[in-house]
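What the coordinates show
Residue strings, one per chain:
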Amino acid sequence: MSQLPESLEQAVSQSVTATQAAIAAGQSRVQVELVIPELKPMGIAQQFLAEYPELGTPLKVFFPDAGAAALARRDWEGVPYILKGIKELLEPVQPEDAAFVLVAPSAVEVNEAETIANQSGDRPYILLNPQLQDVSGVGIGYAGRQLRERFLSTLETSYYLCPLAGGLLFRSFPQPWEIYQETETDAYQLLESRESKPSGEEIEEIFGKVGDPQGQMGMLQSLTRFLKSLSR
């Protein structure tokens, strides 16, 4: 059983350790997902990169647009990596680049994200809190959904933290995916482990086996309680 984070800072630190382990195991394309809407990806990225100097130089960090990259250059003054919008450079990948980090790319940037991944070769390629699940909601259509699914299938999830209605879905490489149930004391009890990410239907089935006394609480209330537990 994995150790659940006791704070947001610890969660980010765990994600660095898990990503290092995944890359050391030969997984060059990885993604980190803290599926908590209230979190600001810029702060998560800043801590993640500060704790992962082994990524090398030059490291390129891409943002969804040039404006976000400009804000990062202003707020992260003095950092030793290149900060760019994902569409700013005609040739985003160069032979001398050591690694690539994409911060919160959305479904709109999935083409550019895949292009950078394909050109990165076996160099580390990390997606931080990607927002690629809403392709159908931005008018990209069936071809876009196919592209998303093909691209996502090439990535290894090194770290995943997602509050559920009455529980938590968690993964920290190399540990399996773990489904936790929230208890009446705001703790979490491990229900089941899986080698692959369980679907929503599978999670519902797992909670159904134990009666899920917290399952009627709803996602918003569960998320609020989880955030409070991280801030203690």
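Attention in this report is confined to the structure presented alongside it. (Residues numbered from 1 in each chain as written. Predicted model: local features only at pLDDT ≥ 70, side-chain atom pairs only at ≥ 80, totals over all residues. Heavy atoms only, no water.)

1. Digging into the sheet that holds strand S9 (residues 188–194)
The strand order across the open sheet built from 9 strands is S3-S2-S4-S5-S1-S6-S7-S8-S9, with neighbouring strands paired in mixed fashion. Of all strands in the sheet, those bounded by a partner on one side alone are strand S3 (82–85) and S9. Along the sheet, successive strands turn relative to each other by an average axial angle of 20°, direction set aside. Bridging between strand S2 (residues 59–63) and S3 involves 4 bridges; their strand directions are parallel. (Pairing = 2+ DSSP bridges. Helix = DSSP H or I, 4+ residues; strand = E, 2+ residues; numbered from the N terminus. Axes fitted to C-alpha atoms, helices over the stretch in contact; angles between N-to-C directions.)

2. So, the pairing of strand S4 (residues 99–103)
With 5 of its 5 residues buried, S4 lies for the most part within the structure. Taking every second residue as pointing to the same face, both faces of S4 are buried, with Ala99, Val101 and Val103 on one and Phe100 and Leu102 on the other. Pairing analysis gives 4 bridges linking S2 to S4, with the strands arranged parallel. For Lys60, the partnering residue across the bridge sits in S4 and is Phe100. Taken together, S4, helix H4 (residues 110–119) and strand S5 (residues 125–128) form a β-α-β motif whose crossover is right-handed. (Buried < 20%, exposed > 50% of the residue type's maximum accessible area, 1.4 Å probe, protein only. Right-handed = clockwise from strand over helix to strand, strands pointing away.)

3. Concerning the packing of aromatic side chains
Tallying each qualifying case throughout the model produces 5 aromatic pairs. Ring centres of Phe48 and Tyr52 lie 5.9 Å apart, and the angle between their planes is 65°; this geometry places the pair in the edge-to-face category. Here the two residues Phe48 and Tyr52 agree in accessibility, since each one is buried. Plain terms: the ring middles of Tyr159 and Phe170 are 5.4 Å apart, the flat faces sit at 85° to each other, and that makes the pair edge-to-face. Taken together, the residues Tyr159 in strand S6 (residues 156–164) and Phe170 in strand S7 (residues 167–172) connect sequence positions 11 residues apart. (Phe/Tyr/Trp six-rings, centres within 6.5 Å; stacked < 30°, edge-to-face > 60°.)

4. Side note on H4
Within H4, burial applies to Val110, Ala113, Glu114, Ile116 and Ala117. Across the axial projection of H4, the buried residues extend over an arc of 160°, all falling on one side. (Arc of directions from axis to C-beta.)

5. Notes on the environment of Lys197
Along the chain, Lys197 falls in the loop between S9 and helix H6 (200–209). For Lys197, a relative accessible area of 43% gives the class partly exposed. If we ignore the near neighbours within four places in the chain, the residues touching Lys197 are Tyr160, Leu169, Trp177 and Glu202. At 3.5 Å, the side chain of Lys197 forms a polar contact with the side chain of Tyr160. (Contact = heavy atoms within 4.5 Å. Polar contact = N/O pair within 3.5 Å; in protein donor to acceptor, adjacent residues only side chain to side chain.)

6. A word on the pattern of salt bridges
Across all of its chains, the model carries 5 salt bridges by this definition. One salt bridge in this structure joins Arg171 and Glu156, with 2.8 Å as the shortest N-O distance. Pair noted here: Arg171 is in strand S7 and Glu156 is in strand S6, with a separation of 15 residues, a long-range link. Each member of the pair, Arg171 together with Glu156, is buried. Connected via shared salt-bridge partners are Glu192, Arg194 and Glu202. (Salt bridge = Lys/Arg side-chain N within 4 Å of Asp/Glu carboxyl O.)

7. Let's talk about the pairing of S6
Among the 9 residues that make up S6, 9 are buried, leaving the element largely enclosed by the rest of the structure. As defined by bridge partners, strand S1 (residues 29–34) adjoins S6 across 5 bridges and the pair is classed as parallel. When the bridges of S6 are listed, Leu34 appears paired with Leu161. Across 6 bridges, the pairing between S6 and S7 is antiparallel. Looking across to S7, one finds that Leu164 is bridged to Gly167. Hairpin remark: S6 followed by S7, antiparallel, with 2 residues in the connecting loop; positive phi at Gly166, about 95°.

8. Focus on the packing of helix H1 (residues 8–24) against helix H2 (residues 41–50)
Running from amino to carboxyl end, H1 crosses H2 at an angle of 50°, the nearest separation of the two axes being 9 Å. Judged by the inter-axis angle, H1 sits oblique to H2. Crossing of H1 against H2: the hand is right-handed. Packed against H1, whose contacting residues are Leu8, Glu9, Val12, Ser13, Ser15, Val16 and Thr19, the element H2 presents Ile44, Gln47 and Phe48 at the interface. Looking at the contact of H1 with H2 residue by residue, the class counts come to 5 nonpolar, 4 polar and 1 charged. (Parallel < 35°, antiparallel > 145°, perpendicular 65-115°, else oblique. Left-handed = near helix turned anticlockwise from the far one by under 90°. Nonpolar A, V, L, I, M, F, W, Y, C, P; charged D, E, K, R; others polar.)

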